Amino acid sequence: MYLPIVEIVTNANTMQITYTARATFDPNDGETWNNYIDCSKLSHLAELVSLDISLNEPLEEIDWDSKDYWECCYADPFNPYHTGLFTSLDYIFRNVIERRYFNLLAAVVAPVTDCKNLEVDGFELLGYDLMGMDYGTSSLTNCGGFEGLISPADVNSVGLIDNYDRAYDIKKRLLENNPGEHHADTNVIALWRHKMIGRKDGGL
């Protein structure tokens, strides 16, 4: 199955749509999920959908020596870390570990406009994540020590921020209040999930 690569064009900027396949993390994970809820205090979550590599692990099989990887990986122009995001859905379908149930995500790093009225074909907007600049840890749902700046009320039922302005406000205040903390320097990332592919009855 192939889907078109999409770019969202605003009046002043083009926002690059990127893609990734991630493992699910929800009550079906049993004790691991229960321990996470106890530690995070996010008791209202129905599931977690994020780019955090320890909570929603990447499902692409990576060959670092492959020309295909280097042609399709998304490079952040402002830091040297591998983002774990790809500019081609074809690449995802060629390299994803086959699973019946997973999250096929579309993402925009540092969106320059509210994404609520922007459509990505076949996907639905879930909200905004706050990822550290190394793209490994979600400062929103997997990084303690930010009490008073991030509260359970800030995140929706899948662990993301619903409101665009609120996401950027938290990003700003995290860095202002924690100037020496690595995880306080974050990217706002808009996340969409495919409505069919990777759902329990949708497969790959």
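Before reading on, note that the structure itself is shown above.
A. Molecular detail of the overall build of the protein. Assigned secondary structure in the protein consists of four helices and eight strands. Walking the protein from its N terminus toward its C terminus, one meets helices and strands in the order β-β-β-α-α-β-β-α-β-β-α-β. Across the 204 residues in the protein, those meeting the buried criterion constitute 52%. Summarising the internal contacts of the protein: among those between residues at least 6 apart in sequence, 72% fall at separations of at least 24.

B. Quick look at the pairing of strand E5 (residues 82–86). Here strand E4 (residues 73–75) runs beside E5; their pairing, made up of two bridges, is antiparallel. In the sheet register, Cys73 faces E5, and the bridge partner there is Phe86.

C. Spatial organisation of helix H4 (residues 164–177). Taking 1.5 Å of rise per residue, 14 residues should cover 20 Å, and H4 covers 20 Å from first to last C-alpha, within 8% of that figure. If you check which residues of H4 are buried, you get Tyr164, Ala167, Ile170, Arg173 and Leu174. For H4, the secondary structure elements touched by its buried residues are strand E7 (123–132) and strand E8 (186–194). The N-capping residue of H4, defined by a side-chain oxygen 3.0 Å from the backbone nitrogen of Asp165, is Asn163.

D. Layout of the pairing of E8. Burial of E8 is extensive: nine of the nine residues sit out of reach of the surface. Across nine bridges, E7 lies against E8 in antiparallel orientation. When the sheet's bridge partners are listed, Gly132 is paired in E8 with Thr186.

E. A nonpolar patch on the surface, seen in detail. Side chains of Ile62, Trp64 and Trp70 sit close together on the surface and give an oily, nonpolar patch of about 330 Å² of accessible area. Here Ile62 shows up in the loop between helix H1 (31–40) and helix H2 (67–72).

F. Examining the layout of surface pockets more closely. Considered as a void within the structure, the second largest pocket measures approximately 190 Å³ in volume. Lining the second largest pocket are 14 residues, with Pro58, Trp64, His82, Thr83 and Gly84 positioned closest to its centre. For the lining of the second largest pocket, the leading source of residues is E5, giving four residues. Tallied by class, residues from the lining of the second largest pocket come to seven nonpolar, four polar and three charged.

G. Molecular detail of the pattern of salt bridges. All chains considered together, the criterion is met by eight salt bridges. Residues Glu71 and Lys67 are paired through a salt bridge, measuring 3.7 Å at the closest nitrogen-oxygen approach. Here Glu71 and its partner Lys67 are both found in helix H2, four residues apart, which amounts to about one turn of the helix. According to the relative accessible area criterion, Glu71 is exposed, its value standing at 52%. Linking Asp169 and Arg166 is a salt bridge whose minimum nitrogen-to-oxygen distance equals 3.1 Å. Of this pair, Asp169 and Arg166 both sit in helix H4, three residues apart, which is roughly one turn of the helix. A relative accessible area of 28% means that Arg166 is categorised as partly exposed.

Criteria and thresholds
Residues numbered from 1 in each chain as written. Predicted model: local features only at pLDDT ≥ 70, side-chain atom pairs only at ≥ 80, totals over all residues. Heavy atoms only, no water. Helix = DSSP H or I, 4+ residues; strand = E, 2+ residues; numbered from the N terminus. Buried < 20%, exposed > 50% of the residue type's maximum accessible area, 1.4 Å probe, protein only. Contact = heavy atoms within 4.5 Å. Pairing = 2+ DSSP bridges. Expected span 1.5 Å × (residues − 1). Polar contact = N/O pair within 3.5 Å; in protein donor to acceptor, adjacent residues only side chain to side chain. Patch = residues over 30% accessible without salt bridge, like charges linked within 9 Å, V, L, I, M, F, W, Y side chains within 5 Å. Areas by Shrake-Rupley, 256 points an atom, 1.4 Å probe, with all protein chains shown as cover. Salt bridge = Lys/Arg side-chain N within 4 Å of Asp/Glu carboxyl O. 1 Å grid on protein atoms, 1.4 Å probe; cavity = no way out; pocket = protein on both sides within 12 Å on 5 of 7 lines; lining within 4 Å. Points joined across faces, edges and corners; volume = space filled by probe spheres on them. Nonpolar A, V, L, I, M, F, W, Y, C, P; charged D, E, K, R; others polar.

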